[in-house]
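Remarks on the overall topology
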Amino acid sequence: MREPAPCLQRAGSRIDSAFSATQAGFAAGKRRMSSKVFFDVGISLDGYMAGPNASPGNPMGDGGRAMHGWIFQTATFREILGIPGGGGEQGTPDDARVQHVFARTGAYVMGRRMFDEGEVGWPENPPFRGPVYVLTHSPREPWVRQGGTTFHFVTDGLASALAQAKAAAGGKDVRISGGIDTVRQAIRAGLLDECTIHVAPNLLGAGKRLLDGLAPGEMKLVPVRADGSALVTHLDYRFAQAS
């Protein structure tokens, strides 16, 4: 049997390459389509996500940091923040939670108020390690930080920020980091697939509640999982409209 002519061999090679590229494109498309949008936040036992008097000089408001005491006990979060000496608890359910949320997230969306509070307090190597899309009315050039974090400032709304985040997430999920108004906006717009709420056994008594102002029909949740530790209860939900 005669060997194929060189021109036919080259043509076959090009077809194989094109077919492989097409398959890779379909695979990438499937990964992008499978990306989920979620929020993962902490609240007090009486439902507050931030205490009173929140400002860039007082992130999370009066008493707000106490809601997140559990996460600062984990080895993973301490390592991400670059806390001197490291330490923290390894191999606990709380630590596994922190590992999971950072591993699943490929990009972030947050409101300008959350960014303003974090800008003065985040270390040179912020805990995101990926692209962050900040909702704002004031245009600003991207702010590149250490460790792979770049803040992009989006002036044309939440839908645009989410579209950009999904495109940049590399097939991973997109996290709505906060603040409260941005989370509520995503809920009302039906843009969320999942959420996790970490309930701390603390009372704030005042501040901003996560779910204030939402009508009963605006947030239909399906329970997925509940667990916790002595410091916090973790509640996972799927939004009912998400398939």
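A brief report on the enclosed structure follows. (Residues numbered from 1 in each chain as written. Predicted model: local features only at pLDDT ≥ 70, side-chain atom pairs only at ≥ 80, totals over all residues. Heavy atoms only, no water.)

Brief notes about the packing of aromatic side chains
Each pair of aromatic rings is reported with the distance of its centres and the angle of its planes. For the record, the criterion: Pairing of aromatic side chains requires ring centres within 6.5 Å, counting the rings of Phe and Tyr and the six-membered ring of Trp. Pairs whose planes differ by under 30 degrees are stacked, by over 60 edge-to-face, and all others tilted. Classification of residues uses two cut-offs on accessible area relative to the type maximum, computed with a 1.4 Å probe and protein chains only: under 20% is buried, over 50% is exposed, and between them is partly exposed. Helix numbers and strand numbers start at the N terminus; a helix is a DSSP run of H or I with at least 4 residues, a strand a run of E with at least 2. In this analysis the charged atom, NZ for Lys or CZ for Arg, is taken to sit over a ring once it is within 6 Å of the ring centre and within 35 degrees of the ring normal.
Summed over the entire model, instances satisfying the criterion amount to twelve aromatic pairs. Measuring from ring centre to ring centre gives 5.3 Å for Phe72 and Phe77, while their planes differ by 85 degrees; the resulting arrangement is edge-to-face. Comparing Phe72 with Phe77, the two get one shared label, buried. Judged by centre distance (6.4 Å) and plane angle (35 degrees), the ring pair of Phe77 and Phe102 falls under tilted. With Phe77 in helix H3 (residues 75-81) and Phe102 in helix H4 (residues 93-104), this residue pair connects regions lying 25 residues apart in the sequence. One aromatic cluster is present, built from ring pairs that chain together Tyr108, Phe115, Trp122, Phe128, Trp143, Phe151 and Phe153. Positioned over the ring face of Phe38 is Arg104, at 3.8 Å from the centre of the ring. The ring of Trp143 carries the charged tip of Arg140 above its face, separated from the ring centre by 5.5 Å.

Quick word on the sheet that holds strand E8 (residues 194-199)
To be explicit about the condition: DSSP-based pairing: two strands are paired if at least 2 bridges between them are found. Residue contacts are counted whenever heavy atoms from the two residues lie within 4.5 Å of one another. To get an axis, fit a line to the C-alpha atoms, keeping to the stretch in contact for a helix; angles then go from 0 to 180 degrees between the N-to-C directions.
Taken in spatial order, the nine strands of this open sheet run E5-E6-E4-E3-E7-E1-E8-E11-E10, and their pairing is mixed. Looking at which strands have only one partner, the edges of the open sheet turn out to be strand E5 (143-144) and strand E10 (221-228). Here strand E1 (residues 37-43) pairs with E8 via six bridges, running parallel. Within E8, the position partnered with Phe39 by the bridge is Cys195. Along the sheet, H4 makes contact with E1, strand E3 (105-111), strand E7 (173-178), E8, E10 and strand E11 (233-239), crossing E3 at roughly 90 degrees.

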